[in-house]
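# Observations on chain architecture
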Amino acid sequence: MDFRVEHHFDAISLDDFAMLHFDEEFNRAMCADVGFARTLLEKVVVDGKLSTEATIMPDKAIPKPVAKILGVERMTHRELIEYDQATRRGTWKIEPGMFAETFIIGGGFELAALSATSVARIYWGDFQVNLKGVGGWLEKLIVSEVERSYDAAIGFIQTYIDEINTGNIPKPR
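Described below are features of the structure shown in this document. (Residues numbered from 1 in each chain as written. Predicted model: local features only at pLDDT ≥ 70, side-chain atom pairs only at ≥ 80, totals over all residues. Heavy atoms only, no water.)

Looking now at the overall build of the protein chain. Counting its regular elements, the protein chain contains 4 helices and 7 strands. In sequence order, the secondary structure elements of the protein chain are arranged as β-α-α-β-β-α-β-β-β-β-α. Since a compact globule built from 173 residues should have a radius of gyration of about 16 Å, the 17 Å found for the protein chain is in line with a globular shape. Seen through its principal axes, the protein chain has C-alpha atoms that stretch 50 × 30 × 30 Å. Burial statistics for the protein chain: of 173 residues in total, 45% are counted as buried. (Helix = DSSP H or I, 4+ residues; strand = E, 2+ residues; numbered from the N terminus. Rg over C-alpha atoms; globule rule 2.2 N^0.38 Å. Buried < 20%, exposed > 50% of the residue type's maximum accessible area, 1.4 Å probe, protein only.)

Shown next as structure tokens:
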């Protein structure tokens, strides 16, 4: 099942937003704000290509019907990001802690300038759940949850940007 989200942020340049987007303190705070714990495992830059690997764990249990089917209460996963600093485009992939062949999740993203002080963050992807009888239902549930968490983060991100601009939060480097 495909999805696409696009959000706009003001009072920040594209360069500064890209720095913020990959700032670990910001990412941990944003994840906590939408109900996840994040642990960065690796962050490297080679020839203008940024790669990150993080473990993400939800604070809350998954819905009981899904938990019953899967036999787990929380779905911890690895997040793998590849980002080309020159083109401002990248790929993302989620590797579930279990059922990796059952849940195939990944896509791409782009950071784009709308003006000198306004940016767009665009994510797209595909969620496939290979479970006979319930795969389509789980895909819809997952896409709905991903869209909800992205939408829930909008206010947090803009407030964080505003706090940087007022000097209450240090600017990422």
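We now examine unusual backbone geometry. At Asp47, a residue that is not glycine, the phi angle is positive and equals roughly 50°. For Asp47, the position within the fold is in the loop between strand E2 (36-46) and strand E3 (49-58). We classify Asp47 as exposed; its relative accessible area is 75%. One non-glycine residue, Arg88, lies in the positive phi region at around 65°. With respect to the helices and strands, Arg88 occurs in the loop between strand E4 (77-84) and strand E5 (89-96). Residue Arg88 is classed as buried on the basis of its relative accessible area of 17%.

Of the residues making up helix H1 (residues 14-21), those classed as buried are Leu14, Phe17, Ala18, Leu20 and His21. Buried residues of H1 fall within an arc of 160° about the axis and therefore sit on the same side. Contacts made by the buried residues of H1 are with strand E1 (2-10), helix H2 (24-33), E4, strand E6 (103-115), strand E7 (118-129) and helix H4 (135-166). (Arc of directions from axis to C-beta. Contact = heavy atoms within 4.5 Å.)

Bringing the layout of surface pockets into the picture now. Each pocket or cavity is described by its volume, and for the largest pocket that value is around 1,200 Å³. Lining the largest pocket are 44 residues, with Phe36, Ile56, His77, Val146 and Ser149 sitting closest to its centre. By residue number, the principal contributor to the lining of the largest pocket is H4, which donates 9 residues. Grouping the constituent residues of the lining of the largest pocket by class yields 29 nonpolar, 6 polar and 9 charged. (1 Å grid on protein atoms, 1.4 Å probe; cavity = no way out; pocket = protein on both sides within 12 Å on 5 of 7 lines; lining within 4 Å. Points joined across faces, edges and corners; volume = space filled by probe spheres on them. Nonpolar A, V, L, I, M, F, W, Y, C, P; charged D, E, K, R; others polar.)

A word on the pairing of E2. Regular strands have side chains that alternate between both faces of the sheet. Summarising the sheet, E2 and E3 pair through 10 bridges and their orientation is antiparallel. Each residue of the ladder has a partner; that of Ala37, found in E3, is Met57. (Pairing = 2+ DSSP bridges.)

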